[in-house]
Amino acid sequence: MFCLMNSPGGADRSGAMGMRHGTKTRQLSKPLRKIYFTFILLLLIFTPRVDSSWWYIGALGTRVICDNIPGLVNDQRQLCQRHPDLMQVIGNGAKEWITECQHQFRHHRWNCSTMDRDHTVFGKVMLRSSREAAFVYAMSSAGVVHAITTACSLGELKICTCYNHKRGQDSDDRGTYDWGGCSDNINYGIKFAKAFVDARESMVKDARALMNLHNNRCGRMAVKQFMKRECKCHGVSGSCSLRTCWMAMSDFRQTGDYLYKKYNSAIEVTMNQDGTGFRVAERNFQGSTKKKLVYIESSPDYCLMDRAAGSLGTAGRVCNKSSRGTDGCEVMCCGRGYDTMRVKRVTKCECKFKWCCAVECKDCEEVVDVYTCKPHKRPDWLDVT
Ligand SMILES: *[C@@H]1O[C@H](CO)[C@@H](O)[C@H](O)[C@H]1NC(C)=O
Ligand SMILES: *[C@@H]1O[C@H](CO)[C@@H](O)[C@H](O)[C@H]1NC(C)=O
């Protein structure tokens, strides 16, 4: 049994390990062997987490076959089989929230890049419980809410339509209006996102599952928070004497901006003793964690390529020489220095407004400097071999 104790924990506990240690069992006595195999079996059944995730649906493209998607847990697979059209929507939605994540992190060392053919989608970084993981979980569940709610309103799904039970009159500073039309069915989106996205975390009760559930919820609520009222005028020649209003989601960028702020103010937590909630690591913290993103593990610095930590490094990344923020060359390149490249760029210039209604521009060439981070220099003593 001792060989199992020494085995690497966490994500590496896969079937392969049983194979690797299989030869050892031959030397064990029969009862011991029985215990050994029971243990392996239990380990396989209760493996806390497979590496892959439902996020992978987004990478699979048009045809979603529920049985072939790695990383779906049983409940998710069942939802997938019952609602193949929703999976399609979740898959397309994944492209959208991943793009939004990359937009928010374009100036960071970790830039939300995905790995081709990698079932974890974001590489090993998502096997950690870092601040970045907190952001990605919140974004992904917000993305599902947004995608499903949008599809409901567009009439693309069998199971939902827009919410049209909001009736009657209300008033604002411009007078009274009628509720009507097609409100976004955010509550359906939230309900389905919760059932689908949370399914995996509900299977285990550990600190990481608790963290993911919390951040998933933050993501779902972020979308709801930006619901806004939209109205349409009726009445004689646009007099707006009659108005019909409905509730609509805002652009997903708003959710992205909001969650990015939450990323910056995320707090470090540990699980409390009875395993039911969090304790904030920082002593002076006041208030509630309810609206905060939470993380458990501090992040790597993402300076160097380190696949095990999920870091691609910043060699070759473009940086901004005059910025003092995270995109500045000093920070982005981790002090390794940068290369300067003169490049010619064609831009539109001397634009003139032409009656009516066009803008005509000339093509101008300009020379700009582009700065890119130097790779990590190996210390000389490593080159001796
Ligand atoms: C993100 O960083 C990686 C590694 O430095 C780089 O290869 C990739 O092009 C970057 N992606 C974007 C969208 O900037
Ligand atoms: C670089 O950073 C400066 C200061 O933050 C900013 O004004 C400028 O627009 C940035 N340049 C580019 C190319 O992003």
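Residues numbered from 1 in each chain as written. Chains lettered and ligands numbered in written order. Predicted model: local features only at pLDDT ≥ 70, side-chain atom pairs only at ≥ 80, totals over all residues. Heavy atoms only, no water.

Take the environment of His376 next. Within the secondary structure, His376 sits in the segment after β12 (358–373). Expressed as a C-alpha distance, the spacing of His376 and Leu304, which sit 72 residues apart in the sequence, is 7.1 Å. Beyond its immediate stretch of four places on either side in the chain, His376 contacts Leu304 and Arg336. (Helix = DSSP H or I, 4+ residues; strand = E, 2+ residues; numbered from the N terminus. Contact = heavy atoms within 4.5 Å.)

Once that is clear, we can look at the site of ligand 2. Taken together, the residues surrounding ligand 2 are Asn320, Ser322 and Ser323. Residue Asn320 places a side-chain N or O atom 2.3 Å away from an oxygen atom belonging to ligand 2. Within the complex, 26% of the 360 Å² of free accessible area of ligand 2 lies under protein. (Near = heavy atom within 4 Å. Polar contact = N/O pair within 3.5 Å; in protein donor to acceptor, adjacent residues only side chain to side chain. Areas by Shrake-Rupley, 256 points an atom, 1.4 Å probe, with all protein chains shown as cover.)

Okay, the packing of aromatic side chains next. As enumerated under the stated definition, the model contains 13 aromatic pairs in all. Ring centres 5.5 Å apart and planes at 80° place the aromatic pair Phe226 and Tyr258 in the edge-to-face group. You can see Phe226 sitting in the loop between α9 (207–225) and β3 (228–234) and its partner Tyr258 sitting in helix α10 (residues 252–264), a full 32 residues away along the chain. The pair Phe226 / Tyr258 is uniform in exposure class, with both members buried. Members of the aromatic cluster, connected to one another through ring pairs, are Phe105, Trp110, Phe135, Tyr260 and Tyr263. Over the aromatic face of Tyr263 sits the side chain of Arg131, whose NZ or CZ is 5.8 Å from the ring centroid. (Phe/Tyr/Trp six-rings, centres within 6.5 Å; stacked < 30°, edge-to-face > 60°. Buried < 20%, exposed > 50% of the residue type's maximum accessible area, 1.4 Å probe, protein only. Lys NZ or Arg CZ within 6 Å of the ring centre and 35° of its normal.)

The subject of this paragraph is the site of ligand 1. Every residue lining ligand 1 is accounted for by Asn111, Leu312, Gly313 and Arg317. In the model, an oxygen atom of ligand 1 is placed 2.4 Å from a nitrogen or oxygen of the Asn111 side chain. One of the backbone nitrogen or oxygen atoms of Gly313 is found 3.1 Å away from an oxygen atom of ligand 1. Relative to its unbound accessible area of 360 Å², ligand 1 is 50% covered by the protein chains. When the residues that make up the shell around ligand 1 are grouped by side-chain class, the tally is one nonpolar, two polar and one charged. (Nonpolar A, V, L, I, M, F, W, Y, C, P; charged D, E, K, R; others polar.)

Attention now moves to the packing of helix α8 (residues 186–197) against α9. Contact geometry of α8 with α9 gives a least axis separation of 10 Å together with a crossing angle of 165°. As the angle between them shows, α8 and α9 are arranged roughly antiparallel. Our pair here, α8 against α9, has a crossing hand that is right-handed. Mapping the contact onto sequence places Ile186, Asn187, Ile190, Ala193, Lys194 and Val197 in α8 and Asn216, Arg220, Met221, Val223 and Lys224 in α9. (Axes fitted to C-alpha atoms, helices over the stretch in contact; angles between N-to-C directions. Parallel < 35°, antiparallel > 145°, perpendicular 65-115°, else oblique. Left-handed = near helix turned anticlockwise from the far one by under 90°.)

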